[in-house]
Amino acid sequence: MPLTIRNVKTILTAPENINLVVVKIETSEPDLYGLGCATFTQRPLAVKTAVDEYLKPFLIGKDPQNIEDIWQSAMVSAYWRNGPVLNNALSGVDIALWDIKGKLARMPVYQLFGGKARGAVPVYTHAGGSDLDAVEESVRQMMDKGFHYIRAQLNGYGGKFPVSAPPGSLPGAYFNPDAYARSVPRMFEHLRARVGFDVELLHDVHERVSPIEAVRIAKAVEPYRLFFLEDALPPEQLEYFEMIRHQSATPIAVGELFNHPLEWRSLISNRLVDFIRVHISQIGGLTPARKLAAFCETFGVRTAWHGPGDVSPVGVAANVHLDISTSNFGIQEWTPMSDRLQQVFPGAPTLKDGFVTVSDAPGLGIDLDESLAEKFPCHERLPEWTLARTPDGTAVRP
Ligand code: MG
């Protein structure tokens, strides 16, 4: 009997109060199934609807081995395409199909991608504090834990400097872009003076400044030799990366908000960025991410896939299988996994001395305890941090 897709399920869970979306594809072989990450943490029900109501009927009865054909045909089956909801839904399916493919081959997924290009995957972790000494202390703690790549933030995104909003201002997450921009070179001057240059430091602007201010920051931090400066510009202002490139040799990373190939194509082919850091589920899964990595290799651009807490451990495993087998891998963002999260997702990638490894079990090597996952339902609270406002009350990119 030919192998077919028998059922597609969407599992919502929030073991750490972060909404996660996982797709499970069951096949005509009783114990053969795959898991994929479809996490759009702010819109989980929209993704679930897209999977349950549209992709599931599209997939039932198809051969799960034909990943490329399923990806291409599912991507265009709605005609309109490349938005975050449908891309995440497709990613859940795509990563689950790679998991099934590995189980069929009795190999970990990284072997299907060409095998190990390195022994383990170096990761960067987050350090931060409310003043310069606290940031320094946090960086030192991460160095003591064995991390060689550390992202440093003073007081979170945008710095939370005091703002006196004008009367009648609307509610929101107010911040002061000018005070923040001035603080960034000061922070790196402090850190390099105290911890030296033998540790790689990174910083995330999180689109919090005007384009010309992003140019100024990239120039100002140049003496401090960042590993990269992240999201200096929002996706709506990508043309300014050329200006940054012409004025600074600070390495540039971008991409966690990208959904559409046109967002990255000319940045890479014109060598305007150094690291591509898309959120793999936001572009549709491992199938497009592998092609993106190969495209980057041609132009000397390295990968740094987005790895926040709103990538499920299944998605983290997918990231690491790709990292370990990609020649032009740069770095992997790492968010610590709690014991509870690892109980819900047994077999998740593991961290040791700043390096991550994946299980050598067939497929992604990760599972999902569905009855435990049910005990941590998703919430429907709207996030406040996405309502960023400048001191005069204007809503801006978060
Ligand atoms: Mg970021």
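Participant: Go over the coordination of the magnesium ion with me, naming the residues and quoting the values.
Facilitator: Protein coordination of the magnesium ion is provided by Asp204 (OD), Glu230 (OE) and Glu256 (OE), with donor distances spanning 2.0 to 2.4 Å. Within one chain, the residues serving as donors to the magnesium ion are arranged as D-x25-E-x25-E. Here glutamate 230, found in strand E8 (residues 228–230), pairs with glutamate 256, found in the loop between strand E9 (252–254) and helix H9 (261–269); they are 26 residues apart in sequence, far enough to count as distant. The two residues glutamate 230 and glutamate 256 agree in class, both being buried.

Participant: Can you break down helix H1 (residues 44–59) residue by residue, with the values?
Facilitator: Taking the largest bend as the criterion, H1 deviates by roughly 30°, centred on valine 51. When H1 is considered as a whole, its buried residues turn out to be Pro44, Val47, Ala50, Val51, Leu55 and Leu59. Glycine 61, located one to two residues past H1, shows a positive phi value of around 90°.

Participant: Tell me about the environment of serine 91, and name the residues and values.
Facilitator: Among the structural elements, serine 91 can be located in helix H3 (residues 84–105). The exposure class of serine 91 is buried, given its relative accessible area of 0%. Residue contacts for serine 91: discarding those within four places in its chain leaves Cys37, Ile280, Ser281, Gly284 and Gly285.

Participant: Could you give an account of the side chain of histidine 306, naming the residues involved and the relevant values?
Facilitator: Tracing the backbone shows histidine 306 in the loop between strand E11 (302–303) and helix H11 (313–325). Within the structure, histidine 306 has its side chain in polar contact with the side chain of glutamate 256 (distance 3.3 Å). Setting aside residues up to four positions removed in sequence, histidine 306 forms contacts with Glu256, Arg277, Val278, His279, Val311, Asn319, Gln332 and Glu333.

Participant: I'd love a proper account of the packing of helix H5 (residues 132–144) against helix H6 (residues 177–195), names of residues and values included.
Facilitator: The angle between the axes and the distance between the axes are what describe a pair of packed helices. The N-to-C vectors of H5 and H6 enclose an angle of 50°; their axes lie 10 Å apart at closest approach. Taken together, the axes of H5 and H6 are oblique relative to one another. For the pair H5 and H6, the crossing hand works out as right-handed. In this structure, H5 uses Leu132, Asp133, Val135, Glu136, Val139, Arg140 and Met143 to contact H6, whose residues at the interface are Arg186, Met187, His190, Leu191, Arg194 and Val195. Residues that form the contact of H5 with H6 fall into these classes: 7 nonpolar, 1 polar and 5 charged.

Participant: Could you give an account of the packing of aromatic side chains, with specific residues and numbers?
Facilitator: All told, the structure shown has 8 aromatic pairs when counted by the stated rule. Between phenylalanine 295 and phenylalanine 299, the ring centres sit 5.2 Å apart and the planes meet at 70°, which makes this aromatic pair edge-to-face. Site record: aromatic cluster; members linked through ring pairs are Tyr124, Tyr149, Phe227, Phe228 and Phe275. Lying across the ring of tyrosine 33, lysine 24 places its NZ or CZ 4.2 Å from the centre. Across the ring face of tyrosine 33, the terminal group of lysine 103 is positioned such that the distance to the ring centre comes to 4.1 Å.

Participant: If you had to explain the environment of alanine 117 to someone new, which residues and values would you point to?
Facilitator: Following the sequence through the fold, alanine 117 ends up in the loop between helix H4 (109–112) and strand E4 (121–129). Given the relative accessible area of 41%, alanine 117 is considered partly exposed. Spatially, the C-alpha atoms of alanine 117 and asparagine 328 are 9.3 Å apart, while their sequence positions differ by 211 residues.

What counts, and where the lines are drawn
Residues numbered from 1 in each chain as written. Predicted model: local features only at pLDDT ≥ 70, side-chain atom pairs only at ≥ 80, totals over all residues. Heavy atoms only, no water. Donors = N, O, S within 2.8 Å, 3.2 Å for Na, K, Ca; no water. Helix = DSSP H or I, 4+ residues; strand = E, 2+ residues; numbered from the N terminus. Buried < 20%, exposed > 50% of the residue type's maximum accessible area, 1.4 Å probe, protein only. Bend = angle between axes of the 7 residues up to and from the residue. Contact = heavy atoms within 4.5 Å. Polar contact = N/O pair within 3.5 Å; in protein donor to acceptor, adjacent residues only side chain to side chain. Axes fitted to C-alpha atoms, helices over the stretch in contact; angles between N-to-C directions. Parallel < 35°, antiparallel > 145°, perpendicular 65-115°, else oblique. Left-handed = near helix turned anticlockwise from the far one by under 90°. Nonpolar A, V, L, I, M, F, W, Y, C, P; charged D, E, K, R; others polar. Phe/Tyr/Trp six-rings, centres within 6.5 Å; stacked < 30°, edge-to-face > 60°. Lys NZ or Arg CZ within 6 Å of the ring centre and 35° of its normal.

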